[in-house]
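Chain residues, written in single-letter form:
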Amino acid sequence: MNDEDEQGQPALPTPTAESAHPPTGTLSLERLAAKTLEARLLGGERKLRRREVAAGAGLSLLSARKLWRALGFPNFGDEDVAFTERDQAALSTVVDLVRSGVLTEEAAISVTRAIGQMTDRMVVWQIEALVEDMVHEQGVTDAVARKRLVNELPALLDALEHMLVYSWRRQLNAGVQRLAVRAEAGLQASEEGREGDEDDAPLPLARAVGFADLVSYTSLSRRMNEKTLARLVQRFENKCAEIISVGGGRLVKTVGDEVLYIAETPAAGAEISLALSQAFTEDEILPEARVAMVWGRILSRLGDIYGPTVNLAARLTTLADPGTVLIDSMTASALDQDERFVLVPQPAENVRGFGEIHPVLLARGEGKGLVVD
């Protein structure tokens, strides 16, 4: 039998009954599989200490530790043999960007932190998805599935890495278009109806900011077992991600029973908001949602968004009735001439941090709205 897999990597042994109690001084097949996987992921066996890696990159240990902390790595001791030559090469890559003047040290750490935080969340999501799939398809327990993952993951590594790089390039291109190429046009479009002294006036990006909040999620989750709750959460996130993507928006984050999203125009934000509200109203499993959207200016940092526009959208969400969409009067002015939307003024509300505001109920006018096929 060939002792390598199709990618030329050492084939992982299949555990047998005889391997349950390996001879003294030898690794169990389970542990051997984990070490083989680690070597493949890390680019080799751990042979270097942190001072050796830092020195090899021509960097002080303090500076190296800053970058490792930004990536989310644990704090290894001086005697821990925890690194490989690939760690040194990666460190050198970042250092070269700073030394060549392409990035400042502050920017390099910020970019590095973005990579660390996003990839950390990504791998947790992927591992849990694979474990759940094994539980469902192979009929094993969660604990067994987690052990089997070590043997099944190597066959997926090349495909996952390829898709990661592919997606990153596509997302980077889309981000450049949104955050650089079209940024000025968005600000100009947001000037209408403004006097220039609004709280969000100094902020650099114009966006439609929306929240969708499931009704009675907390009480529902208390009555659900693990599998049912997992299905509800996944259904909620999948439906939100699909609708927001089709509408040309971006899902900023989900926090439990709430999703935060943005769009580049008030009309796009309105279409997404109405589609979300309708989808949850018609869903046979998910509860209805309160939805609100505000067109204004924001600050984008650390993969999140900030500013009065975000806060106002959050406040409006709490005022919305289940199955409805609320907007503010400024957003209503931006949508006033669009026949796709019906605007129904609501009684004035005193909102903490904003004083008296004039909510407007957003409803479907002409057209079919977003079509999610």
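About the criteria used
- Residues numbered from 1 in each chain as written.
- Predicted model: local features only at pLDDT ≥ 70, side-chain atom pairs only at ≥ 80, totals over all residues.
- Heavy atoms only, no water.
- Salt bridge = Lys/Arg side-chain N within 4 Å of Asp/Glu carboxyl O.
- Helix = DSSP H or I, 4+ residues; strand = E, 2+ residues; numbered from the N terminus.
- Buried < 20%, exposed > 50% of the residue type's maximum accessible area, 1.4 Å probe, protein only.
- Phe/Tyr/Trp six-rings, centres within 6.5 Å; stacked < 30°, edge-to-face > 60°.

## Topic: the pattern of salt bridges
Phase 1: Per the stated rule, a full pass over the model turns up 19 salt bridges.
Phase 2: Residue Glu271 is joined to Arg340 by a salt bridge in which the shortest nitrogen-to-oxygen separation is 3.7 Å. Of this pair, Glu271 sits in helix H11 (residues 266-282) while Arg340 is found in the loop between helix H13 (329-335) and strand E7 (341-345), placing the two residues 69 residues apart along the sequence.
Phase 3: A relative accessible area of 9% places Glu271 in the buried class.
Phase 4: You can call Arg340 partly exposed: its relative accessible area is 33%.
Phase 5: Taking the shortest distance from any N to any O, the salt bridge between Arg340 and Asp338 comes out at 2.6 Å.
Phase 6: Beyond isolated ion pairs, a larger network of salt bridges with shared partners links Arg235, Lys239, Asp283 and Glu284.

## Details of the packing of aromatic side chains
Phase 1: For the coordinates displayed, the defined rule picks out three aromatic pairs.
Phase 2: Pairing Phe76 with Phe83 gives two aromatic rings, centres 5.4 Å apart and planes at 75°, and the pair type is edge-to-face.
Phase 3: For the pair Phe236 and Phe280, a centre-to-centre distance of 5.6 Å together with 40° between the ring planes defines the contact as tilted. With Phe236 in helix H10 (residues 226-246) and Phe280 in helix H11, the pair connects residues that are 44 residues apart, well separated along the chain. Taken as a pair, Phe236 and Phe280 share a single burial class, namely buried.
Phase 4: In this structure an aromatic cluster arises from ring pairing among Trp68, Phe76 and Phe83.

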